[in-house]
Amino acid sequence: MPGLEDLYREIILDHYRNPRNEGTFPTPPAIKAEGHNPLCGDELTVFLILDGDVIKDIHITGQGCSISRSSASLMSVAVKGKSLKEVDHLLKIFKSMMSISTNASGEPEAVEPIEYSERELGELIALQGVVKFPVRIKCATLSWNTLVQALEDRAS
Amino acid sequence: MPGLEDLYREIILDHYRNPRNEGTFPTPPAIKAEGHNPLCGDELTVFLILDGDVIKDIHITGQGCSISRSSASLMSVAVKGKSLKEVDHLLKIFKSMMSISTNASGEPEAVEPIEYSERELGELIALQGVVKFPVRIKCATLSWNTLVQALEDRAS
Amino acid sequence: MERMNTPTTATPLNVTEIRKDFPIFTHQNGKALYFLDSAASSQKPLSVLQAMDNYYSTTHANVHRGVYQIAEHATELYEGARVKIGRFIGAPNPARETIFTKNATESINLLSTCLTRGRLKKGDVVVLTEMEHHANLVPWLIAKEQFGIELRYIKVDSEGYLALDNIDEILSGAKVLSVTLASNVLGTLPPVAHLAELAHKHGAIVIGDGAQFVPHMVTDVTDLGLDFLAFTGHKMLGPTGIGVLWGKSELLEALPPFMGGGDMITDVTLDGFTPNELPWKFEAGTPPIAEAIGLGAAVDYLQDLGMQNIREHEIKLLSYAFERLESNFGKNIVIHGPRNIQDRGGVISFDFRDIHPHDISQILDQSGVCVRAGHHCAKPLMRHLGIAATARASFHIYNEPADVDALVDALGKAQAFFG
Amino acid sequence: MERMNTPTTATPLNVTEIRKDFPIFTHQNGKALYFLDSAASSQKPLSVLQAMDNYYSTTHANVHRGVYQIAEHATELYEGARVKIGRFIGAPNPARETIFTKNATESINLLSTCLTRGRLKKGDVVVLTEMEHHANLVPWLIAKEQFGIELRYIKVDSEGYLALDNIDEILSGAKVLSVTLASNVLGTLPPVAHLAELAHKHGAIVIGDGAQFVPHMVTDVTDLGLDFLAFTGHKMLGPTGIGVLWGKSELLEALPPFMGGGDMITDVTLDGFTPNELPWKFEAGTPPIAEAIGLGAAVDYLQDLGMQNIREHEIKLLSYAFERLESNFGKNIVIHGPRNIQDRGGVISFDFRDIHPHDISQILDQSGVCVRAGHHCAKPLMRHLGIAATARASFHIYNEPADVDALVDALGKAQAFFG
Ligand SMILES: Cc1ncc(COP(=O)(O)O)c(C=O)c1O
Ligand SMILES: Cc1ncc(COP(=O)(O)O)c(C=O)c1O
């Protein structure tokens, strides 16, 4: 059995206790999307301020476990100031790290393993241990799926 | 395992091949009731001509297996010319003979064992072996339950 | 009911012996399993598995239609299980009134569907409570959406009891009261017999959701004053795939059928059909035969122990758990629901510091302690409590003080970990 | 499809070995069991019973909501069974499109209910056939009664085929075609792919009742041109208490939910609810977990043998049975349904002299030969055939020529007895 340290890295506990980019933005100008984990009740809302193709700012509110909250916080730091193309790349390598990946509706999805360097992931690497706890993968990917939702809603 | 001879007595095969009192009566003056065995599709209709409290005549039509047809035929002989009180008594001892008794809707019913002499049963005794084949009890009691139905419908 | 479920002469359960009957406790390769999630689903004794295996291995055939011996025997076993299970809840006519479904959820959906097809009119009022499981909410929300019934809710007070001050107002003009017999979150045991009496005065029929009650207590539908009772096999030592609906014959007879198919008809033409008699009218298609037989064996097992003894056992565990949790963690733990142990079933939902229930459950799992974390399919109640999730420990016959000790120790670790 | 199910390079089944896997054949205390009633319900191999026992004995817990390990593992096994069973019928998206129900009957009721809640309007036409099982008749008769759809029927011709001369007229304007893939009485295998193509041209969606097909043949929902497929576990070596509904994702997504309860929602308030994603949207309450795992093991067993080999095996048995029955009894036996063996599934319904099927079945039982007698839940078809009941022998993988021989011998006895 994998140990708790695999799951609850220091960085995770830090982001859980001190979530970055917490809050809301008025919509508009922000766009937003709400994400649920239907099976456990975790909920979060992602607010994005786009400047052309760049995520100029991001705020997140909601409630959830340490993994879903810290993953949201880590994500907010990782995507802020990035272009949508860069974000898409980050999403891909994040999901690849989560290997048993799930899509927006929480189902398993075949994910092509892609090549990436740990450096690209930055602090996100702290979530690597989640893979050993399959039920928690949904917690870690909730914020990312909600981000995708926000961008898709805007596109359509 | 009980043998076939227990079930298919000579009298039964005779009544099956040559059913007595087969046919219909116009209603009125006759009263009638239809019986189904929902689980196997057996169907029969009982027509009664009452004269006060006496079953003056009885006709039966329908389709069914040897047990349900012969039991109907045997019943028709047994009740013809009898008073309703006598019929009720016959019904009671017949159901008692069937011991695992079923009511009109085919469910098991607690039946009080009652005292009776074989002589009272007459030819009906031929159906005694049916008890050893519980699924066939419903076949044997279908005509009796339909008779009761006809009398009850009239009462109400 | 109160009386029956708090006997003075209970025989204590021999948990050591009981645990030997449950294969899961011996299959853990020496790892301890502190299973505190029976409110989600109970474990199964060997006798239940064997009853099903025996059935499949000696006499499986489809029921009701076969003239040959194994089919006949299968029918006897299936119908025999029905009578046994009906008697277990005190059904006056077990053979006619006990309907097999796939779970408690289907039992309630059957009622919400058939009542709106038959008995209820548009705008009729159905009364529920704020503490219902989704199984006793969503079917009625669908009936509201599809058919147009109206819903009223009995509120939950700050101590986790139903708020009954305005009950006559709520019941006034209502046609149905559908209420849980035991809350799966708060443990609360609503005063159902009393509510039923009131509801009947107002002309409403009364449905009990017994999913968390029937597995743990003496159940007598007449004493409880119920018209219908729904419960589920897998929470009472039985297999998955089977639930039960009991109803009064007159009421069941007056309802139109639910699903259509084989066995629920007496006749079918291309233009219409005639429904079968009770109970088969409500059992369309091949029923859960082995599951009914397995549930019958579960009822035997429970009855051998004695439902009053089981209740007494759980009360003892509850008392011990309250004592240990509160003395160890004081203000760091908040236990939801009534403080009076006699007023609750064997579930303890709690908040622990500000640690999220998922994290608690994860850390507890590390020590082999299984508790549930989440909204427990009672989102409206969670909103009322102002939280998104709780952790919940729940008991059954195989639990013992050691399970509570393991829970307390593991919570200690969580506290240390999250600091 | 025709092609796939009549392969040229089939490996014959080793029935002697197969029978050893089925406990029922070794539990008869030396008495022979000639089980010819698999169309009603099949027997179960040990591997299916073991898969369920293993599950209960090592890792049972309620699925989808537990964070602890055994609950997680239970969820994996349950969802894994879903994918396996979906793949077995060629589902393009097995994880999303494979819905567990309690039997084929519920699968069809789900459709008749949800289609009338969602897609269909009053007066819309649903096309069925005269040879449907009650499971594919009564749900639509209820929808007609409750909601006001109209029904049209494709007739059965004198040889037991569907009468397709006026098929375009029948399908014209229809919104749904729901048809059996294999008749449980006549054995007929309707040309479903062809019918589906026609129906689609007319803008109708196509539902297949695969209860008698999926257990015996290569099934590919795409090749068959289906939009929905219903089938049942207990006829395909699986346990009772489980059925399956497969549907195209787009269509399933567009339908409102069926039953309400836990697991089928993403959110619930006191006023309304938001349904969950596929497939859970259609699975209210605790699902048949062990049963899904058991059905998964049954699918493994069938696939190990090879569905094409199974079909070939049954064709051989059918040919042998036709030959022996007709050469022994000549005009005294009337076998219903198509004469061409390739056009039929492994069931033989027959009239024997003027002996009532119940009596036949009873006499056969005396020799250990199990056949079904009755209307086979197809009363409209029986009326069309002008009879009240037939006797029916049906095959599965564990049958062998000796079963046919026993049937013929026992019929000989019946003939002698009734003279
Ligand atoms: C053709 C057909 N459809 C549907 C069914 C119904 O299956 P179940 O009773 O498992 O729902 C049957 C089985 O009796 C059948 O033969
Ligand atoms: C109070 C209550 N009602 C109903 C149910 C539903 O039971 P099932 O999922 O077996 O249908 C549950 C179980 O989760 C419950 O706790």
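All values derive from a computational prediction rather than experimental measurement.

A. Just the environment of D:Val126, in detail. Residues and elements named next belong to chain D. Topologically, Val126 is positioned in strand β3 (residues 125-129). For Val126 and Leu151, which are 25 residues apart along the polypeptide, the C-alpha to C-alpha distance reads 5.0 Å. Those residues in contact with Val126 that sit more than four places away from it in its chain are Leu120, Trp140, Ile149, Glu150, Leu151, Arg152 and Val176.

B. How the structure looks around the interface of chain A and chain C. Taken residue by residue, the interface counts 24 residues in chain A and 17 residues in chain C. The junction of chain A with chain C conceals about 1,600 Å² of combined surface from both sides, 54% of it contributed by carbon and sulfur atoms. The interface formed by chain A and chain C holds 2 salt bridges in total. Here C:Asp359 makes a salt bridge to A:Arg136, at a shortest N to O gap of 2.8 Å. For the pair chain A and chain C, the interface holds 8 residue pairs in polar contact (both at pLDDT 80 or more). Sorting the residues of the side of chain A that touches chain C by element identifies α1 (4-7), α2 (10-17), β2 (42-51), α3 (66-79) and α6 (134-155) of chain A as the ones contributing at least two each. When residues in the side of chain A that touches chain C are grouped by element, the largest group, 3 residues, is from α2(A). Here the side of chain A that touches chain C is built from residues that sort into 14 nonpolar, 6 polar and 4 charged.

C. Expanded view of the domain arrangement of chain C. All names here are of chain C. Domain annotation of chain C identifies domain 1 (15-31 + 306-417) and domain 2 (48-304). Using C-alpha coordinates to define each centre, domain 1 is positioned 28 Å away from domain 2. Of the residues lining the interface, 35 residues belong to domain 1; the matching set on domain 2 comes to 31 residues. Contact between domain 1 and domain 2 buries roughly 2,600 Å² in total, counting both sides, with carbon and sulfur atoms accounting for 63%. Between domain 1 and domain 2 we count 0 salt bridges in total. Scanning the region where domain 1 abuts domain 2 turns up 17 residue pairs in polar contact (both at pLDDT 80 or more). Where the side of domain 1 that touches domain 2 is concerned, the elements lending two or more residues are α13 (307-329), β12 (347-352) and α15 (379-385). Considering every element that reaches the side of domain 1 that touches domain 2, the biggest residue donor is α15, with 6 residues.

D. Quick peek at the relation of the copies chain D and chain C. After a rotation of 180° and a shift along the axis of 0.0 Å, chain D superposes on chain C with an RMSD of 0.0 Å. Taken together, the turn and the small shift mark the pair as related by a two-fold rotation axis. The rotation axis passes nearest to the C-alpha of D:Gly241 in chain D, at a distance of 2.8 Å. When the interface residues of chain D are mapped onto chain C, 100% of them again fall at the interface, so both copies present the same face.

E. The arrangement of the site of ligand 2 in detail. With respect to spatial proximity, 15 residues lie near ligand 2, and among them C:Thr105, C:Asp209, C:Gln212, C:Thr232 and C:Lys235 are the closest. In this structure, ligand 2 sits where chains C and D come together, each supplying nearby residues. In this structure, an oxygen atom belonging to ligand 2 sits 2.6 Å away from a side-chain N or O atom of C:Thr105. At a separation of 2.6 Å, an oxygen atom of ligand 2 approaches a polar side-chain atom of C:Thr232. A total of 390 Å² of accessible area belongs to ligand 2 in isolation, and the protein chains cover 96% of it. In the shell around ligand 2, the residues fall into 3 nonpolar, 10 polar and 2 charged.

F. Broad picture of the interface of chain D and chain C. At the junction of the two partners, chain D supplies 91 residues and chain C supplies 91 residues. Carbon and sulfur atoms make up 58% of the area that chain D and chain C hide from each other, which totals about 7,400 Å². Among the residues chain D hides against chain C, the three largest losses belong to D:Tyr56, D:Tyr68 and D:Leu270. Together they make up 10% of the total. One salt bridge in this structure joins D:Arg383 and C:Asp267, with 2.8 Å as the shortest N-O distance.

G. Structural view of the sheet that holds strand β3 (residues 125-129) of chain C. Residues and elements named next belong to chain C. The strand order across the open sheet built from 7 strands is β2-β8-β7-β6-β5-β3-β4, with neighbouring strands paired in mixed fashion. Because the sheet does not close on itself, it has two edges, and the strands there are β2 (98-101) and β4 (150-154). The sheet shows a mean angle of 20° between the axes of neighbouring strands, taken without regard to direction. For β3 and strand β5 (residues 174-180), the ladder comprises 3 bridges, and the chain directions are parallel. Counted as the bridge partner of Val125 is Ala174 from β5. Together, β2, β7 (228-232) and β8 (243-247) form the strand contacts of helix α4 (residues 69-88), whose direction differs from that of β2 by roughly 115°. On top of the sheet, helix α9 (residues 192-201) reaches β5 and β6 (205-209); it is set at about 175° to β5, its chief contact.

Procedures and definitions
Residues numbered from 1 in each chain as written. Chains lettered and ligands numbered in written order. Predicted model: local features only at pLDDT ≥ 70, side-chain atom pairs only at ≥ 80, totals over all residues. Heavy atoms only, no water. Helix = DSSP H or I, 4+ residues; strand = E, 2+ residues; numbered from the N terminus. Contact = heavy atoms within 4.5 Å. Buried area = accessible area lost by both parts, 1.4 Å probe. Salt bridge = Lys/Arg side-chain N within 4 Å of Asp/Glu carboxyl O. Polar contact = N/O pair within 3.5 Å; in protein donor to acceptor, adjacent residues only side chain to side chain. Nonpolar A, V, L, I, M, F, W, Y, C, P; charged D, E, K, R; others polar. Domains from an automatic or database assignment. Least-squares fit on C-alpha atoms with pLDDT ≥ 70 in both. Near = heavy atom within 4 Å. Areas by Shrake-Rupley, 256 points an atom, 1.4 Å probe, with all protein chains shown as cover. Pairing = 2+ DSSP bridges. Axes fitted to C-alpha atoms, helices over the stretch in contact; angles between N-to-C directions.

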